[in-house]
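# Structural features, examined
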Amino acid sequence: MEFSAKQIADLLGGQVVGDPESRVTRLAKIEEAQQGALSFLANPKYTEFIYRTQASIVIVSASFTPEQSLPEQLTLIKVPDAYQSFARLLEVYSTLRKRKAGIEQPSFVHPSASLGADCYLGAFSYIDEGSVIGAQTIIHPQVRIGQRVTIGANCEIHSGVVIYDECVIGDHVVIHANTVIGADGFGFAPNSENQYNKVPQIGNVILEDRVEVGANTTIDRATLGSTIIRKGVKLDNLIQVAHNVEIGENTVIAAQTGIAGSTKIGKNCMIGGQVGIVGHLTIADEVKIAAQSGVGQSVLEKGAVLQGSPAFAVGDYKRSYVMFKKLPSIHQTLTNLENEIQQIQQKIQG
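So, here is what we can say about the structure in this document.

Reading the values: the criteria
Residues numbered from 1 in each chain as written. Predicted model: local features only at pLDDT ≥ 70, side-chain atom pairs only at ≥ 80, totals over all residues. Heavy atoms only, no water. Helix = DSSP H or I, 4+ residues; strand = E, 2+ residues; numbered from the N terminus. Rg over C-alpha atoms; globule rule 2.2 N^0.38 Å. Buried < 20%, exposed > 50% of the residue type's maximum accessible area, 1.4 Å probe, protein only. Areas by Shrake-Rupley, 256 points an atom, 1.4 Å probe, with all protein chains shown as cover. Lys, Arg positive; Asp, Glu negative; His and termini not counted. Charge placed at Lys NZ, Arg CZ, Asp CG, Glu CD. Core = buried A, V, L, I, M, F, W, Y, C linked by side-chain atoms within 4.5 Å. Contact = heavy atoms within 4.5 Å. Pairing = 2+ DSSP bridges. Polar contact = N/O pair within 3.5 Å; in protein donor to acceptor, adjacent residues only side chain to side chain. Arc of directions from axis to C-beta.

## Looking at the overall build of the chain
A count of helical and extended segments in the chain gives four helices and 40 strands. Relative to the globule expectation of 20 Å for 350 residues, the C-alpha radius of gyration of the chain, 28 Å, shows a markedly less compact shape. Each principal axis of the C-alpha atoms in the chain carries an extent, and together these give about 100 × 70 × 30 Å. By the burial criterion, 38% of the 350 residues in the chain qualify as buried. In the form shown here, the chain has an accessible surface area of approximately 18900 Å², with 52% of it arising from carbon and sulfur atoms. In the chain, 29 side chains carry a positive charge and 34 a negative one; their mean positions are 4 Å apart.

What follows is the structure in structure tokens.
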């Protein structure tokens with residue numbers, strides 16, 4: 001794909017400084033770019049590279065003013081925010097690059113299932129009875145979609161994904177490779193013989209609009225009702241979301257986190273990697289939980305910041321950790337004091 005500086009500026013609402021017909025065919029980092037490449041400058045740490053880059057076009061913020069001569073071949077596109085504009089450009093480029101349509105063979109679509117306009121279904125994929133796929137959704141090869149699943153428009157389902165029966169996926173959702181949506185929740189009841197009887201899991205999973213789910217993540221179906229991932233949630237790779245969990249809008253969760261059943265997490269939360277959250281808790285809005293923390297009780301304070309296992313207020317955790325590191329010297333001090341007290345007692349008794 002080839003684009004001119006004018007085309008890019010029109011897309012981003014920017015101003016061309018240089019040759020509006022300068023053309024690019026690829027994207028590159030500013031320190032590595034060669035002729036024919038498009039790059040951007042947003043971080044001041046990289047300003048030095050703009051004076052020697054080989055890129056043909058660089059996106060800069062409107063406030064950028066060169067302090068020395070720029071390379072002769074370089075055309076600038078000035079925008080209000082270089083980082084956001086480049087991110088927008090990456091989104092457009094990614095969409096264009098991945099655009100496909102049609103049904104590859106071999107694949108299976110049940111006669112009662114339906115695909116919207118301009119969908120793409122990759123080879124060896126399977127869409128079961130009664131499922132509905134929205135317009136312009138991309139389903140890569142080797143995806144398994146169960147019965148009566150609903151998937152919205154402009155979604156992308158990567159290879160190896162399995163979506164179990166009756167799950168509901170909103171618009172603009174991305175599900176990365178080998179993720180499982182709607183497997184049974186971990187429901188078992190002990191019987192009189194100290195064995196475990198399976199409790200049927202008859203609910204579903206709902207992913208609302210603009211959710212993104214990382215590779216190898218699992219989201220279990222509810223026992224009754226729904227496991228719900230609200231609008232704008234971003235889940236990293238290798239996350240376990242148990243049955244009947246609800247995650248609020250725009251919450252982000254890093255890799256290897258595990259959330260036990262029926263926990264309700266608020267909106268705009270940030271949860272670090274390898275966090276463990278036990279079941280039947282409530283986490284308030286805007287809570288931040290540091291990596292490797294263990295949350296064993298509800299967090300009801302909006303905006304609380306937690307760390308540790310069990311997790312508690314991050315300020316208290318840091319002060320406690322300072323004392324923890326000093327424990328050897330504190331122990332030695334106590335031992336010395338005990339010895340001195342014993343010597344004093346011996347003198348008094350003697």
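## Quick look at the nonpolar core
Ile163, Ile175, Leu207 and Ile247 are the most contacted members of the largest nonpolar core, which has 49 residues in total. With near-sequence residues (within four places) excluded, Ile247 lies in contact with Ile228, Ile229, Arg230, Val233, Leu235, Val241, Ile253, Ile259 and Ile265.

## So, the pairing of strand S6 (residues 57–61)
Within S6, four of the five residues are buried, which leaves it mostly tucked inside the rest of the structure. Here four bridges tie strand S5 (residues 37–41) to S6, and the two strands are oriented parallel to one another. In the sheet register, Ser39 faces S6, and the bridge partner there is Val58.

## A look at the side chain of Arg221
Mapped onto the fold, Arg221 is located in the loop between strand S26 (218–220) and strand S27 (226–229). There is a polar contact of 2.9 Å between the side chain of Arg221 and the backbone oxygen of Asp165. At 3.4 Å, the side chain of Arg221 and the backbone oxygen of Gln201 are in polar contact.

## Looking at the side chain of Thr53
On the secondary structure map, Thr53 appears in the loop between S5 and S6. Here Ala55 takes part through its backbone nitrogen, which lies 3.1 Å from a polar atom of the side chain of Thr53. Residues contacting Thr53, with those up to four places away along its chain left out, are Ile30, Ala33, Val58, Pro71, Gln73 and Leu74.

## Quick word on the sheet that holds strand S38 (residues 294–295)
A sheet is described by the order of its strands in space; here ten strands give the open sequence S9-S12-S15-S18-S21-S26-S29-S32-S35-S38, paired in parallel fashion. Edge positions in the open sheet fall to strand S9 (108–109) and S38, since each of these has one partner strand only. Pairing geometry for strand S18 (residues 162–163) and strand S21 (residues 180–183), over two bridges, is parallel. Within S21, the position partnered with Ile163 by the bridge is Ile181.

## A short note on helix H1 (residues 5–12)
Every buried residue of H1 is accounted for by Ala5, Ile8, Ala9 and Leu12. Down the axis, H1 shows its buried residues gathered within 100° of arc, on one side only. Among the residues trailing H1, Gly13 stands out with phi positive, at a value near 70°.

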